[in-house]
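Residues per chain, in single letters:
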Amino acid sequence: MKMTLRNGVIVLSLITSTVAFAQESQKKDTTSAVALTQESEKADPIDVHEQRITTVEDGLSQLKKLKFSGYIQTEWQSSQLDSLGKKSNDMKVGIGTAGKESTASSYNRFGVRRGRLKATYEDFGCKAAIEFDISEGGLKTKDVYLSVLDPWLNVLTVKGGVFDNPFGYEIGYSSSSLESPERSRIIQTLFPDEKTMGAMITLQAPKTSPWNVLKLETGLVAGNAIYKDYKSKKDFVGRLSFSKSTSNIKYGIGVSGYWGSILQTTKKVYKVTDNKFTVDSTETNLNDYAERNYVGVDGQFSIASVAGLSTIRAEYIMGTQPGSSSSTSSPNAYDPTTATASDTYIRDFKGGYITFVQDIADTKHSIVIKYDWYDPNTNLSSNNVKSKADMAYSTIGLGYIYRMNNNVKLTAYYDIVANEEVNVKGYHNNVDDNVFTLRLQYKF
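Residues numbered from 1 in each chain as written. Predicted model: local features only at pLDDT ≥ 70, side-chain atom pairs only at ≥ 80, totals over all residues. Heavy atoms only, no water.

Draft legend 1. Summary view of the overall build of the chain. Scanning the chain from terminus to terminus reveals three helices and 18 strands. Among the 444 residues that make up the chain, the fraction classed as buried is 38%. Restricting the contact set of the chain to residue pairs at least 6 apart, pairs at least 24 apart contribute 61%. Surface accessibility of the chain: about 25100 Å² in total, with carbon and sulfur atoms responsible for 60%. (Helix = DSSP H or I, 4+ residues; strand = E, 2+ residues; numbered from the N terminus. Buried < 20%, exposed > 50% of the residue type's maximum accessible area, 1.4 Å probe, protein only. Contact = heavy atoms within 4.5 Å. Areas by Shrake-Rupley, 256 points an atom, 1.4 Å probe, with all protein chains shown as cover.)

This is the structure in structure tokens:
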């Protein structure tokens, strides 16, 4: 009983002490809160407001460095049937259904030609960019690069990753601004996807300098478009350009060069001698490299008048292209570990384009006339061409453009395609494979 009483006294004492401590703590907290409130009330409301504005401005400044842009091109294409009952190879949307539409007079397809989304971040002369192409065909990488501008003279820029091939004018001309639905045939053949992977240096004086009119771009690239590098031997590509503009005139000229190589996967290398292909089967040809060399010149001229803006662009390219018996296209996805070995065919080529664009006065309408040609084998006469790969093409394009506003553009374009008449099945005469394109573009 005494122990119980003692224990009760002890417990009561502990409870009393705890309650007293809690009350004291609560009192101190209340006093601190009142003090803070009073101190806050003493602060200058203008200073508080300015601090909040500064915080918001800092956040907006960071957001301004990150930019999103892109465009969507939805289109309908119609193609004549060639003599073999196939659609034109120039159709870029949809797929063929060989034999299933043989009773039709033409093919027509809906599709998303390009769905581009690009994110860029710029800060202190550094720029990072990522761009994807999204369509019903899937997701495809376009640009992934980092560029750094020297902080001392602002003259030299170093870029690494996947970017536009620094060759000619049309490759770097955005597909969203291009007046024709596609780039010229020779560009599509020599530079699939227009992109390359590697490292590039650009030399150009600041805009405040009189030397800003000159620009030099040079790069070491893999030569396999946007796909994995497969060879230690790199390709060199470069362009030197001059451009100048006044209040109503803008003009420019450029020269380009490409010196590269293609891996020879067999010992058989074919070259044209005396108007026919001859083979060199030297054992050392296997796993050696065939030269891939191009030289090009381009020019642009625009003038504004009461008739509207008149623009003419032209480009001419010639060189040596390694390919196969059935194709002169440069590789854009070559993987030597899985690719089937094929003999190498060396061809000398030439080609180019001329584009004329006339805006109609100060309206939103423009007309386009374009001529492009490509001869993949200048050393073979028509009578000696035995493959489509050696057949020359020319195309006349006629187009109409309506720019609804800065974001929306409607294009109607008709390609009149003419092939060289050669001794190849289905191509003894010009094939009816013209293409009509109706495109709606939204740019953001």
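Draft legend 2. Main features of the environment of T340. On the secondary structure map, T340 appears in the loop between strand 13 (308-323) and strand 14 (344-359). Separated by 75 residues in the primary sequence, T340 and T265 have C-alpha atoms spaced 8.5 Å apart.

Draft legend 3. Looking closely at the nonpolar core. F167, F191, Y294 and I317 are the most contacted members of the largest nonpolar core, which totals 13 residues. Ignoring sequence-local partners within four residues, the contact set of F167 consists of F191, V237, R239, S256, G257, Y258, Y294, V295, G296, E315 and I317. If you look at the next biggest cluster of nonpolar residues, it comprises ten residues, including L380, V385, Y393 and V424. (Core = buried A, V, L, I, M, F, W, Y, C linked by side-chain atoms within 4.5 Å.)

Draft legend 4. Representation of the pairing of strand 3 (residues 126-135) within the structure. In terms of strand pairing, strand 2 (residues 106-123) meets strand 3 through eight bridges, oriented antiparallel. Counted as the bridge partner of Y121 is A128 from strand 3. Hairpin geometry of strand 2 and strand 3 is characterised by an intervening segment of two residues between the two adjacent antiparallel strands and by a positive phi of about 55 degrees at F124. Where strand 3 lies against strand 4 (residues 138-149), ten bridges are found, and the strand directions are antiparallel. By the bridge assignment, I130 is partnered in strand 4 with V144. Hairpin connection between strand 3 and strand 4: a loop of two residues separates the two successive antiparallel strands. (Pairing = 2+ DSSP bridges.)

Draft legend 5. Looking closely at the packing of aromatic side chains. What the rule picks out here adds up to 15 aromatic pairs. Pairwise contacts between aromatic rings join F167, F191, Y258, Y294, F349 and Y374 into one cluster. Stacked on the ring of Y393, the Lys or Arg R185 has its end atom at 4.4 Å from the ring centre. (Phe/Tyr/Trp six-rings, centres within 6.5 Å; stacked < 30°, edge-to-face > 60°. Lys NZ or Arg CZ within 6 Å of the ring centre and 35° of its normal.)

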